[in-house]
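Observations on the three-dimensional arrangement
Residue strings, one per chain:
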Amino acid sequence: MSSQTPVKMAVIGTGLIGPRHALSISANPEAQLVCIVDPNPAAKSVAAKFKTTLYPSIADMLSSPHKPDAAIVCTPNHTHVALSKELLDGGVHVLVEKPISTDVASGHDLVTHAEKSGLKLLVGHHRRFNPYVVATKRALEEGSLGEIIAVNGLWTTFKPPPYFDPPTEWRRTRTAGTVLLNLIHEVDIMHHLFGPIVRIHAEKTVSQRGYDAEEGAAILFRFASGVVGTFLLSDAVPSPYSFEQGTGENPLLPRAAQDFYRIFGADASLSVPDMRRWSYDGAKEKSWLEPLSRKTLDVEVATPFDLQVAHFIRVVRGQEEPSCSGQAGLQAMIVCDAVRQALKDGGAVDIKAVPKL
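Treat the numbers as computed from the prediction; the structure is a model and nothing was measured. (Residues numbered from 1 in each chain as written. Predicted model: local features only at pLDDT ≥ 70, side-chain atom pairs only at ≥ 80, totals over all residues. Heavy atoms only, no water.)

The next subject is the overall build of the protein. When helices and strands are tallied, the protein shows ten helices and 15 strands. Whereas a compact globule of 357 residues would reach a radius of gyration of roughly 21 Å, the protein reaches 21 Å, a difference of no more than 12%. Projected onto its principal axes, the C-alpha positions of the protein cover 70 × 50 × 40 Å. Buried residues in the protein amount to 51% of all 357 residues. In the protein, once contacts between residues fewer than 6 apart in sequence are set aside, the share between residues at least 24 apart is 66%. Accessible area for the protein stands at about 16200 Å²; split by element, carbon and sulfur atoms hold 54% of it. Here the protein contributes 36 positive and 38 negative side-chain charges, whose respective centroids are spaced 1 Å apart. (Helix = DSSP H or I, 4+ residues; strand = E, 2+ residues; numbered from the N terminus. Rg over C-alpha atoms; globule rule 2.2 N^0.38 Å. Buried < 20%, exposed > 50% of the residue type's maximum accessible area, 1.4 Å probe, protein only. Contact = heavy atoms within 4.5 Å. Areas by Shrake-Rupley, 256 points an atom, 1.4 Å probe, with all protein chains shown as cover. Lys, Arg positive; Asp, Glu negative; His and termini not counted. Charge placed at Lys NZ, Arg CZ, Asp CG, Glu CD.)

Moving on: the UniProt feature "domain: Gfo/Idh/MocA-like oxidoreductase N-terminal" (unreviewed entry) in the protein. According to UniProt, the positions carrying the feature "domain: Gfo/Idh/MocA-like oxidoreductase N-terminal" (unreviewed entry) are residues 8–125. As annotated, residues 8–125 has a helix share of 39% and a strand share of 24%, and its two end C-alpha atoms lie 21 Å apart. (UniProt positions renumbered as here; feature names shortened; annotations may be inferred.)

With that out of the way, let us pick up the UniProt feature "domain: Gfo/Idh/MocA-like oxidoreductase C-terminal" (unreviewed entry) in the protein. In the numbering adopted here, UniProt assigns the feature "domain: Gfo/Idh/MocA-like oxidoreductase C-terminal" (unreviewed entry) to residues 137–350. For residues 137–350, helix accounts for 28% and strand for 25%, while the C-alpha atoms at its two ends are 26 Å apart.

Domain assignment breaks the protein into domain 1 (7–123) and domain 2 (128–301 + 334–350). Distance between the C-alpha centres of domain 1 and domain 2: 28 Å. The interface of domain 1 with domain 2 comprises seven residues on the first partner and eleven residues on the second. Here domain 1 and domain 2 share an interface that buries about 830 Å² over both sides, 67% of which is from carbon and sulfur atoms. At the junction of domain 1 and domain 2, the tally comes to zero salt bridges. Scanning the region where domain 1 abuts domain 2 turns up two residue pairs in polar contact (both at pLDDT 80 or more). A class-by-class count of the residues in the side of domain 1 that touches domain 2 yields four nonpolar, two polar and one charged. (Domains from an automatic or database assignment. Buried area = accessible area lost by both parts, 1.4 Å probe. Salt bridge = Lys/Arg side-chain N within 4 Å of Asp/Glu carboxyl O. Polar contact = N/O pair within 3.5 Å; in protein donor to acceptor, adjacent residues only side chain to side chain. Nonpolar A, V, L, I, M, F, W, Y, C, P; charged D, E, K, R; others polar.)

Using the criterion set out here, one finds 18 salt bridges in the structure. When the shortest N-O distance is used, the salt bridge between Lys137 and Glu141 registers 3.9 Å. Of this pair, Lys137 and Glu141 both sit in helix H6 (residues 131–141), four residues apart, which is roughly one turn of the helix. You can call Glu141 exposed: its relative accessible area is 60%.

Now for the packing of helix H1 (residues 18–27) against helix H9 (residues 304–316). Their axes nearest at 9 Å, the elements H1 and H9 cross at an angle of 65 degrees. In the packing of H1 onto H9, the handedness of the crossing is right-handed. Of the residues in H9, those in contact with Arg20, His21, Ser24 and Ile25 of H1 are Phe305, Asp306, Gln308 and Val309. Classifying every residue of the contact of H1 with H9 by side-chain character gives three nonpolar, three polar and two charged. (Axes fitted to C-alpha atoms, helices over the stretch in contact; angles between N-to-C directions. Left-handed = near helix turned anticlockwise from the far one by under 90°.)

Attention now goes to the environment of Gly153. By the secondary structure assignment, Gly153 is in strand S7 (residues 148–156). Judged by relative accessible area, which is 3%, Gly153 ranks as buried. Put simply, Gly153 and Phe231 are 78 residues apart on the chain and 4.6 Å apart in space, counted from C-alpha to C-alpha. Those residues in contact with Gly153 that lie beyond four places of it in its chain are Thr230, Phe231, Leu232, Phe260 and Tyr261.

The next thing to look at is the sheet that holds strand S3 (residues 53–55). Taken together, six strands build an open sheet; the order of strands is S3-S2-S1-S4-S5-S6 and the sheet is parallel. Whereas interior strands pair on both sides, the edge strands pair on one side only; in this sheet they are S3 and strand S6 (121–124). Ignoring strand direction, the axes of neighbouring strands in this sheet form an average angle of 25 degrees. Pairing geometry for strand S4 (residues 70–73) and strand S5 (residues 93–97), over four bridges, is parallel. (Pairing = 2+ DSSP bridges.)

Among the residues of H6, Pro131, Tyr132, Val133, Ala135, Thr136, Ala139 and Leu140 are the ones counted as buried. Against S7, helix H7 (178–194), helix H8 (243–247), strand S11 (261–265), strand S12 (268–272) and H9 lie the buried residues of H6. Measuring from the backbone nitrogen of Tyr132 back to the side-chain oxygen at the start of H6 gives 2.9 Å, which picks out Asn130 as the cap. Two residues or fewer past H6, Gly143 is found with a positive phi of approximately 75 degrees.

A few words on the layout of surface pockets. Size it by volume and the largest pocket reaches roughly 1600 Å³. For the largest pocket, the lining is made up of 49 residues, of which Gly15, Leu16, Ile17, Tyr163 and Arg171 are closest to its centre. Looking at the lining of the largest pocket, the elements with two or more residues in it are helix H4 (80–89), H7 and H8. If one sorts the elements of the lining of the largest pocket by residue count, H7 sits on top with three residues. Lining the lining of the largest pocket are residues from two domains, each supplying at least three of them: domain 1 (7–123) and domain 2 (128–301 + 334–350). For the second largest pocket, the calculated volume is near 230 Å³. Those elements giving two or more residues to the lining of the second largest pocket turn out to be H6 and H9. (1 Å grid on protein atoms, 1.4 Å probe; cavity = no way out; pocket = protein on both sides within 12 Å on 5 of 7 lines; lining within 4 Å. Points joined across faces, edges and corners; volume = space filled by probe spheres on them.)

Put into structure tokens, the structure is as follows:
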């Protein structure tokens, strides 16, 4: 595809995240939002806002004059595989919102389907493009912390009762618990920063709502590199410690600016998102008897969704390889599936077949 021709893009689904993607597409001069697909009558107002065409189904879109080069799938989790395959079969590159699927088998089927199609399949783990994650990745690659020993993470917040009410009552089901909706983002970030996770152990938190969807867990991770980690997850506690509240990424959530990751290296430690690096640099010796020095790392200002759309455009044009491929998205799903298995059966779960991420 010529780099001079705008990439024609469609948004599939107009729930919470679809309009946000439409905004990023509309703001990029290298892209053209040719249509939106959603059978819900409420989608008419979204299409009107973006001054684009609305279709009730992918089939209708594919047979129309507005067939896109690429599409972003922003529908409920259980529809991701079927809709993505329909788009690929229609000759459309796909960026599917996380999770790639609701189970490992169907996710693997989608990855295989995309490979056979010759088209690009990306998974929407947009936090790889978050400025705080970018700055953290840069610090690790530069060796600023030395050999990484351990990581501690938090994703703790409170989702109110209406979040689970119709028309989104699917969020009460096991396929939409906080492991698949929220932890999967954290798993992908940890893969991105530290490499593949090969073993987990998890204990479930007490259920307050009584739905099939799990509310939280305490989790232990081991990475192939030897790094170990702990993670506390809950969507049912009042707390400022989460990625969204810490970074201010979601404007609907009040920013708290509290740290949610602490990374411990042999030479220094780093907390995120305050980006404070603690070390014995300048001390007489490396010792707990010496005062630690503190340095704040620089973070560039950028919008992750905008950067993700720009990356998707370059991938479609053949200028870049996917940052989060279908295989990488599937690997995050495999880890989350292992977490759910551990919550159900107890004990540790080994993750053997780990591809290069």
